[in-house]
Amino acid sequence: MIPSAITLKVFGIPMQRRSTRRKLVVATYIVLSSICAAAAWSHTIFPAGMTYAIWSAIAVGIFIFGGQGRYGLVKPFLNKPPQPEPPMIDLVRLQLEPLSVGTADSSAWKNDERELARRDNAHYVAYQPLAIGWVAVLMLSSWALHAPRFLSHDAILSLIFTIALVACVLALTLPAAIILWTEPDIDVC
Amino acid sequence: MMQESSLYRPYLRTSFRRRTVVVLLYLMVLLLTAVTIYRHRYFPMALLIQTLALGSLFGGIRRGGPVKPYGKLALPILAPDPDTGDAERYSLTGTRAPFESMLLDERETGQRDLAHYRAFVILRWVLGLSAVAFWFGSLAAPAVVLPGSPVLLWALMVFVLSLPQSVILWTEPDPVPEGVFALQESS
């Protein structure tokens, strides 16, 4: 599921070892949780903070965890070849590497059967907390219609926004994080 | 992935019927949402019960629906080895208890995971589009959209809960008619 053991680096740190990848996942979620907490705390005075949390999750999903495109640690989930290069690049490559022309490097994007199974299972596992989060949002919103005296409407609304925000962040990042967490060490040799 | 039940199997045999049922469920949810917002009368407990009932209508997250419950892999039953008497040997033949037949085998587990992957992809788009639609709606018609947000959330919740099962029902192939293999062999 992880494309290349040689170039597997985030901020210059090699990610072949599973323990390093787990540290990266934990550190990333600590940062994302801090952003979500700051956004939820200041959403009455600074509503745009919510969008910053979503943008951060999108950036993490694309550029660090991967799975969404050509960047990041995890191969693209789509399992489709990237856009064909313009013909000029093919001509240049023909002069530089005549043997490699015509042999498309599919290891960077193509998932084999095991990797597809890992991808699907990671999404199955990630779907459970997401559904539970939305059930919690629904329960809280139903409760907010007849809120008790000891809890104000604003407090319940803040809680709803926070849980919805966390659910959105998880929807954008969790499957790739599960793959990074569970994939075994990569042998460099 | 479909339940071998006399209750559902005859009615949901073809993919056309299964897809019709899926479309009907979401049309019903849309209709209920529109009527509830129009009438401005919300009963929180009723909304919650309806969500769980409609969301689990197709099974999967509970027993009894047309889709098998998502669970652990079905292991072959334990039987003693006739030669050594070792009870740890798995028997690959013989009948199974009814509950064990409801568990998923390896192929069905793969189908379940693939359905969740597809549901996840759909859900990302739906969540993004509904957030944008809610934002525009709250600007254009705040008197309608903002008080109706619990009902919109309810509809989204039904969608989230039922989507993987709907994907399974939508993509399950039609059963091969009897006699096809015999015809292929004879030809």
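The preceding data block contains the structure.
Criteria and cut-off values
- Residues numbered from 1 in each chain as written.
- Chains lettered and ligands numbered in written order.
- Predicted model: local features only at pLDDT ≥ 70, side-chain atom pairs only at ≥ 80, totals over all residues.
- Heavy atoms only, no water.
- Helix = DSSP H or I, 4+ residues; strand = E, 2+ residues; numbered from the N terminus.
- Buried < 20%, exposed > 50% of the residue type's maximum accessible area, 1.4 Å probe, protein only.
- Contact = heavy atoms within 4.5 Å.
- Areas by Shrake-Rupley, 256 points an atom, 1.4 Å probe, with all protein chains shown as cover.
- Salt bridge = Lys/Arg side-chain N within 4 Å of Asp/Glu carboxyl O.
- 1 Å grid on protein atoms, 1.4 Å probe; cavity = no way out; pocket = protein on both sides within 12 Å on 5 of 7 lines; lining within 4 Å.
- Points joined across faces, edges and corners; volume = space filled by probe spheres on them.
- Nonpolar A, V, L, I, M, F, W, Y, C, P; charged D, E, K, R; others polar.
- Patch = residues over 30% accessible without salt bridge, like charges linked within 9 Å, V, L, I, M, F, W, Y side chains within 5 Å.
- Buried area = accessible area lost by both parts, 1.4 Å probe.
- Polar contact = N/O pair within 3.5 Å; in protein donor to acceptor, adjacent residues only side chain to side chain.
- Axes fitted to C-alpha atoms, helices over the stretch in contact; angles between N-to-C directions.
- Parallel < 35°, antiparallel > 145°, perpendicular 65-115°, else oblique.
- Left-handed = near helix turned anticlockwise from the far one by under 90°.
- Phe/Tyr/Trp six-rings, centres within 6.5 Å; stacked < 30°, edge-to-face > 60°.
- Lys NZ or Arg CZ within 6 Å of the ring centre and 35° of its normal.
- Core = buried A, V, L, I, M, F, W, Y, C linked by side-chain atoms within 4.5 Å.

Visitor: Quick question: what am I supposed to make of the overall build of chain A here?
Guide: Secondary structure assignment for chain A yields five helices and two strands. Taken from N to C terminus, the helices and strands of chain A fall in the order β-β-α-α-α-α-α. Looking at the 189 residues of chain A, the share that counts as buried comes to 38%. In chain A, the share of contacts with a sequence separation of at least 24, taken over all contacts with a separation of at least 6, comes to 71%. Here chain A has roughly 11,100 Å² of accessible surface; of this, 68% comes from carbon and sulfur atoms.

Visitor: Before we go on, may I ask you to explain the pattern of salt bridges in this structure?
Guide: Following the criterion strictly, the structure yields seven salt bridges over all chains and no others. Close ionic contact of A:Arg119 with A:Asp120 constitutes a salt bridge, the shortest N to O distance being 3.0 Å. A single burial state applies to A:Arg119 and to A:Asp120, both of which are buried. Linking B:Glu108 and B:Lys68 is a salt bridge whose minimum nitrogen-to-oxygen distance equals 3.1 Å. Here B:Glu108 is found in helix 4 (residues 106-140), whereas its partner B:Lys68 is found in the loop between helix 2 (44-55) and helix 3 (98-102), with 40 residues between them in sequence. When salt bridges with common partners are traced through the structure, they connect A:Arg114, A:Arg118 and A:Glu183 into a single cluster.

Visitor: Looking at this model, I keep getting lost on the side chain of A:Arg118. Mind explaining?
Guide: Residues and elements named next belong to chain A. Relative to the elements of secondary structure, arginine 118 occurs in helix 4 (residues 113-145). Looking at arginine 118, the relative accessible area reads 18%, which means it is buried. Those residues in contact with arginine 118, other than ones at most four positions away along the chain, are Ile178, Ile179, Thr182 and Glu183.

Visitor: What's the story with empty space enclosed by the protein in this structure? I'm lost.
Guide: Applying the stated criterion across every chain yields a total of one cavity of 30 Å³ or more. For the largest cavity, the calculated volume is near 30 Å³. If you trace the largest cavity, you find it lined by A:Trp134, A:Leu138, B:Leu153, B:Leu156, B:Met157 and B:Val160. Top contributing element to the lining of the largest cavity by residue count: helix 6 (residues 149-171) of chain B, with four residues. Residues of the lining of the largest cavity, tallied by class, amount to six nonpolar, no polar and no charged.

Visitor: Please clarify how a nonpolar patch on the surface should be interpreted in this entry.
Guide: All names here are of chain B. A surface patch of nonpolar side chains, about 490 Å² in accessible area, is lined by Val23, Leu24, Leu27, Leu30 and Trp170. At four residues, helix 1 (residues 15-39) tops the list of elements feeding residues into the nonpolar patch. Inspection of the secondary structure puts leucine 30 in helix 1.

Visitor: Mind showing me how you'd approach unusual backbone geometry here?
Guide: Backbone phi values are negative for most residues with the exception of glycine, while trans is the configuration of most peptide bonds. Residues and elements named next belong to chain A. Look at phenylalanine 11: it is not a glycine, yet its phi comes out positive at around 50 degrees. Within the secondary structure, phenylalanine 11 sits in the loop between strand 1 (9-10) and strand 2 (13-14). Residue classification places phenylalanine 11 among the exposed positions, given a relative accessible area of 72%.

Visitor: What is the right way to read the interface of chain A and chain B from this model?
Guide: Often the size quoted for an interface is simply the accessible area lost on bringing the parts together. Contact residues are listed per partner, giving 25 residues for chain A and 24 residues for chain B. Overall, the association of chain A and chain B removes approximately 2,400 Å² of surface from exposure, summing both partners, and the carbon and sulfur fraction of that is 75%. The largest per-residue losses of area from chain A upon contact with chain B belong to A:Tyr124, A:Tyr127 and A:Leu138, which jointly make up 31% of the total buried on that side. Run the count over chain A and chain B and you get zero salt bridges. Across the contact surface, chain A and chain B share five residue pairs in polar contact (both at pLDDT 80 or more). When residues of the side of chain A that touches chain B are traced back to their parent elements, those giving at least two are helix 4 and helix 5 (153-182) of chain A. Per-element accounting of the side of chain A that touches chain B gives the leading share, 18 residues, to helix 4 of chain A. In the side of chain A that touches chain B, the residues fall into 16 nonpolar, seven polar and two charged.

Visitor: Teacher, can you tell me more about the packing of helix 4 of chain B against helix 6 of chain B here?
Guide: Each pair of packed helices can be described by the angle between their axes along with the distance between the axes. Residue and element names in this part refer to chain B. Where helix 4 meets helix 6, the axes come as close as 9 Å, and the angle between the chain directions of the two elements is 155 degrees. Put simply, helix 4 runs roughly antiparallel to helix 6. The interaxial crossing formed by helix 4 with helix 6 has right-handed handedness. Residues Ala115, His116, Arg118, Ala119, Ile122, Leu123, Val126, Leu127, Ser130 and Phe134 of helix 4 form the contact with helix 6, whose own contacting residues are Ser149, Leu152, Leu156, Phe159, Val160, Leu163, Pro164, Val167, Ile168 and Thr171.

Visitor: I keep staring at the packing of aromatic side chains and nothing clicks. Help me out?
Guide: What describes a pair of aromatic rings is the distance from one ring centre to the other and the angle between the planes of the rings. Here the structure, examined in full by the defined rule, presents six aromatic pairs over all chains. Seen from the ring of B:Tyr117, A:Arg119 lies directly overhead, with NZ or CZ sitting 3.7 Å from the centre. One cation-aromatic arrangement involves B:Arg112 over A:Tyr124; the distance from NZ or CZ to the ring centre is 3.7 Å.

Visitor: Can you help me understand the nonpolar core in this one?
Guide: Most often, soluble globular proteins keep nonpolar side chains buried together rather than apart. Residues A:Phe65, A:Trp134, B:Leu123, B:Trp154 and B:Leu163 are the most contacted members of the largest nonpolar core, which totals 78 residues. Elements represented by at least two residues in this core include exactly helix 1 (18-41), helix 2 (49-65), helix 4 and helix 5 of chain A together with helix 1, helix 2, helix 4 and helix 6 of chain B. Sort the elements by how many residues they give to this core and helix 6 of chain B lands first, with 14 residues. Contacts of B:Trp154, omitting those with residues within four sequence positions, involve A:Leu138, B:Val29, B:Leu32, B:Thr33, B:Leu47, B:Gln50, B:Thr51 and B:Leu54.

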